[in-house]
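Residues per chain are reported as follows:
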Amino acid sequence: MSTLEIDRVRKAYGHLEVLKEVSISIGTGDFLVLLGPSGCGKSTLLNMIAGLETITGGQIRIAGKTVNDLSPKDRDIAMVFQSYALYPTMTVRQNIEFGMKIRRIAQADRDRAVKTASDLLQITHLLDRKPSQLSGGQRQRVAMGRAIVREPKLFLFDEPLSNLDAKLRVDMRTEIKRLHARLGTTIVYVTHDQIEAMTLATRVAVMKDGVVQQLDEPQAVYDRPANVYVARFVGSPAMNIVPAVLGAEGATATAVIDIARRPAARIGGISLSAEALRRYAGRKVLVGIRPENFSIATASAAPALTVDFDVVEPTGPDTLAVFQLGGVEVTARLPPRQAHAGREAALAVDTSKIVLFDSETETRID
Amino acid sequence: MAEALSQSGKARLGRLFVYGCLVVVALLYLMPLWVMVVTSLKPLDEIYGGSFIGVPKVVTLDAWRAAWSEACIGTECTGLKPYFVNSLLMVIPAVALSTGIGAINGYILTKWRFPGANFVFGLLLFGCFLPYQAILIPMARTLGLLGLAGSIPGLVAVHASYGICFTTLFFRNYFVSLPDELTKAAMVDGAGFFRIFWSVILPTSIPIIVVSCIWQFTQIWNDFLFGVSFTSGSSSPITVALNNIVNVTTGRKQYNVDMAAAMIAAIPTLVVYIVAGRYFVRGLTAGAVKG
Ligand SMILES: Nc1ncnc2c1ncn2[C@@H]1O[C@H](COP(=O)(O)OP(=O)(O)OP(=O)(O)O)[C@@H](O)[C@H]1O
Ligand SMILES: [Mg+2]
């Protein structure tokens, strides 16, 4: 049993409110990723879970027990820091052992724990080195080793991969995922990298300015973003957000989008609740279309719009085509060699993937 | 090719000039030391015979022996020896106390920040700029109240407290560059205030400990004003005794003994510098470049 409940937690530094009523609840074995831009309060929240920052308001419960007033060592957590924070004068072995020594664990047990962890992380041959003699990836492993021997209820990771180069970051990401599968411990993981969030998480909390925008499974966050902010933050290239006017056709909605020098595009067959349809018919909305939901129109996929490509960027597996739609720049992800700059093209849209947002509140319309 | 040659020739000439200047300045700087050394090794008659800078004709250690154990200071003819011991008894605890307290202060001011920490640090910094003279009378009164007036422990207390401003400054500036995550990691590992200080912070601080010790050692060992103000007679530090040797002699001025005495008084700071000097430079610049 190692659940985590963050219940209406607030944090203020003087008059500066950094976190405003954050509520998140996850179950045993979950991998929660706190995702958000720099300065949105992710580290602050993580430090509050760890007991390294005081809690201004609300409650944090680990395994059902309120930990607000417990010191870090009594919360049964282990933490991996962005800078790894290895003790510079100790060897790798001493680094991993330090916490166990403080808890007065017998030498034999300590040795066993160090061996298990270092085998798991493949750092056995590094045990007698100092942190300054390790590479970034090796330091990262040692920091994880130090956390693992604690056998905590909860692992806390603060941007553990942000100091690594791109290749190593992908490798370590896989490794962390494997570790989670193996140990099954609940993890809270902070990052501003949406790919890390998508690949690792079982639950993602997207944050902005100290407010949780959406808490859901990664695929749900991707497919059904709660608002325009989340839609733009998750996914690369970002979701296209296009102004349109909504029309009702029977039980489905049609988005009418202006295209410069061409007749307006009508994207029909968007499913929407009857109530929303009544409310928004004839009003302005924002239409969210992922780049991969465009395709070149064929006999089976009827064209929804005809556009002129401005720029075409081949990436290898596919080609990104940029064009104007509804007065904004829009990107489509198309198969290679199918798009040509300066040409016109007829595109089809997968309407089942379209998401609509209120044009004022920017929240999703269902 | 010819151009390249003349180019390198010009560079060599420039370097020659630089080295020449350095050598001249160094010789100029070493001149007094040379005079001290040769004078201390000459018999008094040779000095009064007019040889001041030249190599001694007769080398004798008599002056050194006299300075160490025979010269008269006031009414007692014990040489510098007991005062040298006094200085050691003063400097060792004073350096240890001021460095230790400075380290803890710096640790608290950077890793256990409290409301008003900056204000406290500002006050401590202010202490660095207090002139010695300004604290003489209040300090004398305080020592009197504590019953430490005129004693070596009293002098230790004065030096230790006066030095805390400097040592705190050293340690604070060094610890500021240590990442806070280090203390946080240790806290998560379950370490408390002193455990973190002792096992995590101090072992990384060798360079700044050396800096603090050298600085405090030279300041305290060379201090004259506090020594002459707060001690008397047989509890004086070596600087006060040296002054008495040089000033109180009647009859012919014993230049050779004076020089030997001055060098005896200077040797400990020189030794400290030579043994630990390379840490000094490293430690002073350690805060600037992140390690
Ligand atoms: N001790 C403090 N005093 C005042 N404001 C603070 C303090 N610590 C953090 N903040 C503010 O709180 C906000 C959130 O900081 P936090 O470190 O949690 O951001 P973050 O989401 O982790 O960003 P990053 O991705 O850059 O690490 C920031 O605006 C920061 O300026
Ligand atoms: Mg952060």
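Here the residue numbering is sequential within each chain, running from 1 through the sequence in written order. All chains are assigned letters beginning with A, and all ligands numbers beginning with 1, in the order in which they are written. Since the coordinates come from a predicted model, pLDDT governs what is reported: local features require at least 70, and pairs of side-chain atoms require 80 or more to be given and counted, while whole-chain, interface and lining totals use all residues. Working from all heavy atoms in the structure, the side-chain values ignore hydrogens and water.

Going by an unreviewed UniProt entry, chain B carries the name Carbohydrate ABC transporter membrane protein 2 (CUT1 family) and comes from Shinella granuli. For chain B, the Subcellular location (unreviewed entry) comment in UniProt is given as "Cell membrane". UniProt positions are given in the numbering used here, feature names are shortened, and annotations may be inferred rather than shown by experiment.

Under an unreviewed UniProt entry, chain A has the name Carbohydrate ABC transporter ATP-binding protein (CUT1 family) and belongs to Shinella granuli. Of the comments in the UniProt record for chain A, the one headed Sequence similarities (unreviewed entry) reads "Belongs to the ABC transporter superfamily." As stated in UniProt under Subcellular location (unreviewed entry), the record for chain A gives "Cell inner membrane".

Let's talk about the site of ligand 1
Residue and element names in this part refer to chain A. The rule for a residue being near a molecule or strand is that one of its heavy atoms must lie within 4 Å of it. Looking at ligand 1, the residues that line it are Tyr-13, Leu-16, Val-18, Pro-37, Ser-38, Gly-39, Cys-40, Gly-41, Lys-42, Ser-43, Thr-44 and Glu-159. Here Thr-44 contributes a side-chain N or O atom positioned 2.5 Å from an oxygen atom of ligand 1. Calculation of accessible area relied on Shrake-Rupley with a 1.4 Å probe; when residues are assessed, cover is drawn exclusively from the protein chains displayed. Coverage of ligand 1 by the protein chains reaches 59% of its 640 Å² of free accessible surface. Mapped by element, the contributors of at least two residues to the shell around ligand 1 are strand 2 (16-26) and helix 1 (42-50). Under the rule applied, a polar contact is a pair of N or O atoms within 3.5 Å (in protein, one hydrogen donor and one hydrogen acceptor; residues adjacent in sequence only if both atoms are side-chain atoms). Starting at the N terminus, helices and strands are each numbered in turn, a helix being any DSSP run of H or I of at least four residues and a strand any DSSP run of E of at least two.

Brief notes about the environment of Thr-191 of chain A
All names here are of chain A. Among the structural elements, Thr-191 can be located in strand 8 (residues 186-191). The contact criterion used is simple: two residues touch if any of their non-hydrogen atoms lie within 4.5 Å. Those residues within four positions of Thr-191 in sequence are excluded, and the remaining contacts are Val-33, Leu-34, Leu-35, Gly-36, Lys-42, Glu-159, Glu-196 and Ala-197. Here the side chain of Thr-191 touches Asp-193 through a polar contact of 2.9 Å, landing on its backbone nitrogen. In this structure the side chain of Thr-191 is engaged in a polar contact, spanning 3.0 Å, whose partner is the side chain of Glu-196.

A short note on unusual backbone geometry
Residues and elements named next belong to chain A. Omega for the peptide link from Ser-236 to Pro-237 comes to -5 degrees, which places this bond in the cis form. One can find Pro-237 in the loop between helix 8 (228-233) and strand 11 (240-249). The backbone of Ala-85 sits at a positive phi, close to 50 degrees, despite the residue not being glycine. Here Ala-85 is to be found in the loop between strand 6 (77-80) and helix 2 (92-102). You will see that Asp-209, though not glycine, has its phi angle at about 50 degrees, which is positive. Assignment of secondary structure puts Asp-209 in the loop between strand 9 (203-208) and strand 10 (211-216).

So, the domain arrangement of chain A
The accessible area lost on association of the parts is a frequent measure of interface size. Residues and elements named next belong to chain A. What counts as a domain boundary in this text is fixed by an automatic or database domain assignment. Per the domain assignment, the segments of chain A are domain 1 (4-233) and domain 2 (240-365). When each unit is reduced to the centre of its C-alpha atoms, the spacing between domain 1 and domain 2 is 39 Å. Counting from both sides, the interface comprises 11 residues of domain 1 and, opposite them, 10 residues of domain 2. The term buried area refers to how much accessible surface (probe radius 1.4 Å) is lost by two components on association, counted for both of them together. Summing the contributions of domain 1 and of domain 2, the shared interface buries around 960 Å²; its carbon and sulfur component is 49%. Together, Tyr-222, Arg-224 and Val-228 form the three largest contributors to the area buried by domain 1 at its contact with domain 2, with a combined 52%. By definition, a salt bridge exists where a carboxyl oxygen of Asp or Glu is found within 4 Å of a side-chain nitrogen of Lys or Arg. Between the two partners, domain 1 and domain 2, sit 0 salt bridges. Between the two partners, domain 1 and domain 2, sit 6 residue pairs in polar contact (both at pLDDT 80 or more). Counting residues per element, the ones that place at least two in the side of domain 1 that touches domain 2 are helix 7 (218-223) and helix 8. Polar here means any residue other than Ala, Val, Leu, Ile, Met, Phe, Trp, Tyr, Cys and Pro, which are nonpolar, and Asp, Glu, Lys and Arg, which are charged; Gly is therefore polar. Its residues assigned to classes, the side of domain 1 that touches domain 2 shows 6 nonpolar, 2 polar and 3 charged.

Remarks on the sheet that holds strand 11 of chain A
All names here are of chain A. Should DSSP find at least two bridges between two strands, the strands are regarded as paired. Judged by pairing direction, the sheet is antiparallel, and its 6 strands sit side by side in the order 13-12-11-14-20-21 without closing on themselves. A single partner strand is all that each edge strand has here, and the edge strands are strand 13 (262-271) and strand 21 (364-365). For strand 11 and strand 14 (residues 284-289), the ladder comprises 6 bridges, and the chain directions are antiparallel. Of the residues in strand 14, the one forming a bridge with Pro-243 is Leu-286.

Side note on the packing of aromatic side chains
Two aromatic rings from Phe, Tyr or Trp, using only the six-membered ring of Trp, form a pair when their centres are within 6.5 Å; if the ring planes differ by under 30 degrees the pair is stacked, by over 60 it is edge-to-face, and anything between is tilted. Tallying each qualifying case throughout the model produces 25 aromatic pairs over all chains. Their ring planes at 20 degrees and their centres at 5.8 Å tell us that Tyr-229 of chain A and Phe-233 of chain A sit as a pair that is stacked. Here Tyr-229 of chain A and its partner Phe-233 of chain A are both found in helix 8, 4 residues apart, which amounts to about one turn of the helix. Ring geometry for Tyr-174 of chain B versus Phe-175 of chain B: centroids 6.2 Å apart, planes at 65 degrees, classification edge-to-face. One aromatic cluster is present, formed by Tyr-132, Tyr-162, Phe-166, Phe-170, Trp-215, Phe-226 and Phe-230 of chain B through successive ring pairs. Between the NZ or CZ atom of Arg-290 of chain A and the centre of the ring of Tyr-222 of chain A, over which it lies, the distance is 3.8 Å. Sitting over a ring, as applied to charges here, requires NZ of Lys or CZ of Arg to be within 6 Å of the ring centre and within 35 degrees of the ring normal. Taking NZ or CZ as reference, Arg-172 of chain B lies 4.2 Å from the ring centre of Phe-121 of chain B, over its face.

Regarding the UniProt feature "transmembrane region" (unreviewed entry) in chain B
Residue and element names in this part refer to chain B. UniProt annotation of "transmembrane region" (unreviewed entry) refers to residues 16-37, 88-108, 120-140, 152-175, 196-218 and 257-281 when read in the numbering used here. A distance of 32 Å separates the end C-alpha atoms of residues 152-175, which is 100% helix and 0% strand. Each end of residues 257-281 is marked by a C-alpha atom, and these two atoms are 34 Å apart; helix forms 100% of the span and strand 0%.

Comments concerning the state of the cysteines
All names here are of chain B. Cysteine sulfur atoms that come within 2.5 Å of each other are treated as a disulfide pair. Evaluation of the coordinates by the stated rule reveals 1 disulfide over all chains. One disulfide bridge connects Cys-72 with Cys-77, the sulfur atoms lying 1.7 Å from each other. For the disulfide bridge between Cys-72 and Cys-77, the dihedral angle about the S-S bond is near 95 degrees, and by the sign convention the bridge is right-handed. We call a residue buried when its accessible area falls under 20% of the maximum for its residue type, exposed when it is over 50%, and partly exposed in between, using a 1.4 Å probe and counting protein chains only. The partly exposed category is assigned to Cys-72, whose relative accessible area is 38%. Looking at the unpaired Cys-128, the closest cysteine sulfur is the one in Cys-165, lying at 5.0 Å. The buried category is assigned to Cys-128, whose relative accessible area is 14%.

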